[in-house]
Amino acid sequence: FVPEFTKFSGDLSPSMGIKFSDVPNGLGAFSVVPLAGWLQIVAFCGLIENTGFTFTQRKSIGIMKDASMTGEKAEPGNYGLGWIGAFNTIKPIPALRKRKLNAEL
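Residues numbered from 1 in each chain as written. Predicted model: local features only at pLDDT ≥ 70, side-chain atom pairs only at ≥ 80, totals over all residues. Heavy atoms only, no water.

### As for the overall build of the protein
- Looking only at helices and strands, the protein features three helices and two strands.
- Listing each helix as α and each strand as β along the protein from the N terminus yields β-β-α-α-α.
- Classification of the 105 residues of the protein by burial places 12% in the buried group.
- Counting only contacts in the protein whose residues sit at least 6 apart along the sequence, the fraction spanning at least 24 positions is 3%. (Helix = DSSP H or I, 4+ residues; strand = E, 2+ residues; numbered from the N terminus. Buried < 20%, exposed > 50% of the residue type's maximum accessible area, 1.4 Å probe, protein only. Contact = heavy atoms within 4.5 Å.)

This is how it looks when you write it as structure tokens:
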């Protein structure tokens, strides 16, 4: 959605009576969105960072290391989502992937 032209319908915070259409664009949103909403966003980002998209187990992520580098077939930057993203249904072809990765060198 482009915020200048359209907004989500519905309530952002039903208990406080705030609708998505009440939230301004840009920095003005900081004063309108409740603190609990911002904390939920930060907590979700932290969950993604700590579990590496699995949500079932905590990964050993450290300095200069991300969640894609923690498995036995670790490959930096490969989160297993495919080149299209999370809704990818195309089956991987290992020989083609190896050729393309070698071509990048």
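Let's pick the thread back up.
### Considering the side chain of serine 13
- For serine 13, the position within the fold is in strand β1 (residues 11-13).
- Excluding residues within four positions of it along the chain, serine 13 makes contact with Ile18 and Pro34.

### Re the pattern of salt bridges
- The final tally for this structure, using the stated rule, is one salt bridge.
- The closest approach of N and O atoms between lysine 19 and aspartate 11, which form a salt bridge, is 3.2 Å. (Salt bridge = Lys/Arg side-chain N within 4 Å of Asp/Glu carboxyl O.)

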